[in-house]
Amino acid sequence: MSLPPRVKLVDVGPRDGLQNEKAPVPAQAKIDLVHRLQDAGLREIEVTSFVSPKWVPQMADAAEVMAGLQRRPGVRYAVLTPNLKGFEAALPCRPDEIVVFGAASEAFSQKNINCSIAESIERFAPVVQAARAHGIKVRGAISTTVGCPYEGEIAPARVELVARLMKEIGVQHVGVADTIGVGTPRKVQAAMEAALRHYPLDEVSGHFHDTYGQALANTYACLEMGVWQFDTSVAGLGGCPYAKGATGNVATEDVVYLLHGLGIETGIDLDALVDAGAAISGVLGRKPNSRVATAILNKRAG
Ligand code: HMG
Ligand code: MG
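Note that the structure is a prediction, hence the values are computed from the model and not measured.

1. Examining the overall build of the protein
Piece 1. If you tally the helices and strands in the protein, you get 12 helices and 10 strands.
Piece 2. What you see for the protein is a C-alpha radius of gyration of 17 Å, in line with the 19 Å of a compact globule of 302 residues.
Piece 3. In terms of overall dimensions, the protein has a C-alpha envelope of 55 × 45 × 35 Å along the principal axes.
Piece 4. Buried residues in the protein amount to 56% of all 302 residues.
Piece 5. Pairs at least 24 residues apart make up 74% of the contacts formed inside the protein by residues separated by at least 6 positions.
Piece 6. Here the protein displays about 12300 Å² of accessible surface, and carbon together with sulfur accounts for 52% of that area.
Piece 7. Charge centroids of the protein, computed over 30 positive and 32 negative side chains, lie 2 Å from each other.

2. Let's talk about the coordination of the magnesium ion (ligand 2)
Geometry sets the ideal angles at a metal, namely 109.5 degrees for four tetrahedral donors and 90 or 180 degrees for six octahedral donors.
Piece 1. Donor atoms from the polypeptide that coordinate the magnesium ion (ligand 2) comprise Asp16 (OD), His207 (NE2) and His209 (NE2), at 2.1 to 2.3 Å from the metal.
Piece 2. All donors to the magnesium ion (ligand 2) come from one chain, and their sequence spacing reads D-x190-H-x1-H.

3. A few points about the pairing of strand 8 (residues 173–178)
Piece 1. In terms of burial, strand 8 is largely enclosed, as six of its six residues are buried.
Piece 2. Side chains His173, Gly175 and Ala177 project from strand 8 onto one buried face, and the interleaved Val174, Val176 and Asp178 project onto a second face that is buried too.
Piece 3. For strand 5 (residues 137–143) and strand 8, the ladder comprises four bridges, and the chain directions are parallel. Following the sheet pairing, Gly140 is matched in strand 8 by Val174.
Piece 4. For strand 8 and strand 9 (residues 204–208), the ladder comprises five bridges, and the chain directions are parallel. When the bridges of strand 9 are listed, Val174 appears paired with Val204.
Piece 5. For the crossover from strand 8 across helix 8 (residues 185–196) to strand 9, the handedness is right-handed.

4. Focus: the site of ligand 1
Piece 1. Around ligand 1 sit 27 residues, and of these Arg15, Asn83, Asn114, Ser143 and Thr179 come closest.
Piece 2. One nitrogen or oxygen atom from the main chain of Val51 is found 3.2 Å from a nitrogen atom belonging to ligand 1.
Piece 3. Side-chain polar atom of Asn83 to a nitrogen atom of ligand 1: 2.8 Å apart, as the coordinates give it.
Piece 4. Secondary-structure elements contributing two or more residues to the shell around ligand 1 are helix 1 (13–17), helix 4 (84–90), helix 5 (106–113) and strand 5.
Piece 5. The class makeup of the residues in the shell around ligand 1 is 12 nonpolar, 10 polar and five charged.

5. Quick notes on the packing of helix 9 (residues 215–223) against helix 10 (residues 252–261)
Piece 1. At a closest axis distance of 11 Å, the pairing of helix 9 and helix 10 adopts a crossing angle of 45°. On the basis of their axis angle, the class for helix 9 and helix 10 is oblique. Helix 10 is crossed by helix 9, and the crossing has right-handed handedness. Contacts between helix 9 and helix 10 involve Leu216, Thr219 and Leu223 from the former and Asp254, Val255, Leu258 and Leu259 from the latter.
Piece 2. In terms of residue class, the contact of helix 9 with helix 10 is made up of five nonpolar, one polar and one charged.

6. Section: the packing of aromatic side chains
Two descriptors summarise a pair of aromatic rings, namely the distance from one centre to the other and the angle between the planes of the rings.
Piece 1. For the coordinates displayed, the defined rule picks out one aromatic pair.
Piece 2. For the pair Phe208 and Phe230, a centre-to-centre distance of 6.4 Å together with 55° between the ring planes defines the contact as tilted. Taken as a pair, Phe208 in strand 9 and Phe230 in strand 10 (residues 229–232) lie far apart in primary sequence, 22 residues in all.
Piece 3. Classification of Phe208 by relative accessible area gives buried; the value is 1%.
Piece 4. The cationic tip of Lys167 hangs over the ring face of Tyr199; the distance from NZ or CZ to the ring centre is 4.7 Å.

7. Things to note about unusual backbone geometry
Piece 1. The backbone phi angle of Arg94 is positive, close to 50°, even though this residue is not glycine.
Piece 2. Given a relative accessible area of 56%, Arg94 falls into the exposed group.
Piece 3. Notably, Asn114 is not glycine yet its phi reads approximately 65°, a positive angle.
Piece 4. Here Asn114 lies in the loop between helix 5 and helix 6 (117–133).
Piece 5. Overall, the relative accessible area of 48% leaves Asn114 in the partly exposed class.

8. Focus on the sheet that holds strand 10
Piece 1. Taking strand neighbours around the barrel as the criterion, the eight strands line up as 1-2-3-4-5-8-9-10 in a closed arrangement whose pairing is parallel. Neighbour-to-neighbour, the strand axes of the sheet open up by a mean angle of 25°, direction not taken into account.
Piece 2. Strands strand 4 (97–103) and strand 5 of the sheet are contacted by helix 6, whose axis makes an angle of about 170° with strand 4.
Piece 3. In this fold helix 8 packs onto strand 8 and strand 9, with an angle of close to 150° to the strand it touches most, strand 9.

Criteria and cut-off values
Residues numbered from 1 in each chain as written. Chains lettered and ligands numbered in written order. Predicted model: local features only at pLDDT ≥ 70, side-chain atom pairs only at ≥ 80, totals over all residues. Heavy atoms only, no water. Helix = DSSP H or I, 4+ residues; strand = E, 2+ residues; numbered from the N terminus. Rg over C-alpha atoms; globule rule 2.2 N^0.38 Å. Buried < 20%, exposed > 50% of the residue type's maximum accessible area, 1.4 Å probe, protein only. Contact = heavy atoms within 4.5 Å. Areas by Shrake-Rupley, 256 points an atom, 1.4 Å probe, with all protein chains shown as cover. Lys, Arg positive; Asp, Glu negative; His and termini not counted. Charge placed at Lys NZ, Arg CZ, Asp CG, Glu CD. Donors = N, O, S within 2.8 Å, 3.2 Å for Na, K, Ca; no water. Pairing = 2+ DSSP bridges. Right-handed = clockwise from strand over helix to strand, strands pointing away. Near = heavy atom within 4 Å. Polar contact = N/O pair within 3.5 Å; in protein donor to acceptor, adjacent residues only side chain to side chain. Nonpolar A, V, L, I, M, F, W, Y, C, P; charged D, E, K, R; others polar. Axes fitted to C-alpha atoms, helices over the stretch in contact; angles between N-to-C directions. Parallel < 35°, antiparallel > 145°, perpendicular 65-115°, else oblique. Left-handed = near helix turned anticlockwise from the far one by under 90°. Phe/Tyr/Trp six-rings, centres within 6.5 Å; stacked < 30°, edge-to-face > 60°. Lys NZ or Arg CZ within 6 Å of the ring centre and 35° of its normal.

Geometric descriptors of this kind do not, in isolation, establish any biological role.
Listed below in structure tokens is the structure:
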């Protein structure tokens, strides 16, 4: 199959990227990051999570961040809502999309959202129903689709099961996540194929953490399958608090460079994106975790 001519990237930096930061990041810095990302041409941004502040203290300012956004027409703003309480808190903030998040591994489900896979589906069902009644799109994230920090390798059949359960409760799109970045191209393709048994090509996306440096290769492997939507994180920010040692998502800068090099359209201005990554990295007191950003910043300095 030929590669897709156009790819949509969802920058999850403000949410997945920042949720694991130990020191509090000011709400204004999160808002500025979203603004810089939309200025760089991102058309979908995962802004925050309406989760328990005891579990993820960094996301406690979810409503404040959403309220501070200067929304741009044509940009979609997504938030995570694990249960009805989270959905009810998110609703007044007018998200364009909500994300329920489950896992292909029982142990990860327990650690991350404190319930079994079956219980999570029961919890998600009324959230999906309420969101759709309000005309809000529902995405489902499936964590640990190739490997789990507690259970090891995960069979594609487990991914297929969760994709089927999500489909049955009305989840409209599924994201296939390699939470701990252990996947390699064939394994990630098998996980994606499992999701594609229940969802069309236009309603699946890849979400690859880059812990083992395989995320770009995994992205390319999915492009070869025709997948054209991916979650990425500016400056490679992030990690999941319940996946110890897992590093951030593949850097948006690196994926944009790859895609543009392949002649694939993204609508993203790489220079402005590098500026966005440098700005938030400055707030965090470190350098961007992106090879492309580093190369471009070095070139500018030289
Ligand atoms: P629980 O403790 O089982 O929930 O947590 P509960 O219903 O028993 O409630 C316990 C307390 O939490 C109560 O408060 C509730 O009010 C409160 P208390 O009476 O003790 O004061 N509570 C909430 N507060 C605010 N917002 C809410 C909410 N729900 C309950 N929505 C829960 C269950 C899911 C809430 C909890 O486990 C949680 O918040 N987990 C967060 C997990 C998380 O955010 N993980 C990171 C995001 S997922 C991820 O990164 C993976 C992804 O990137 C894909 C990938 O890479 O794999 C998406
Ligand atoms: Mg993630």
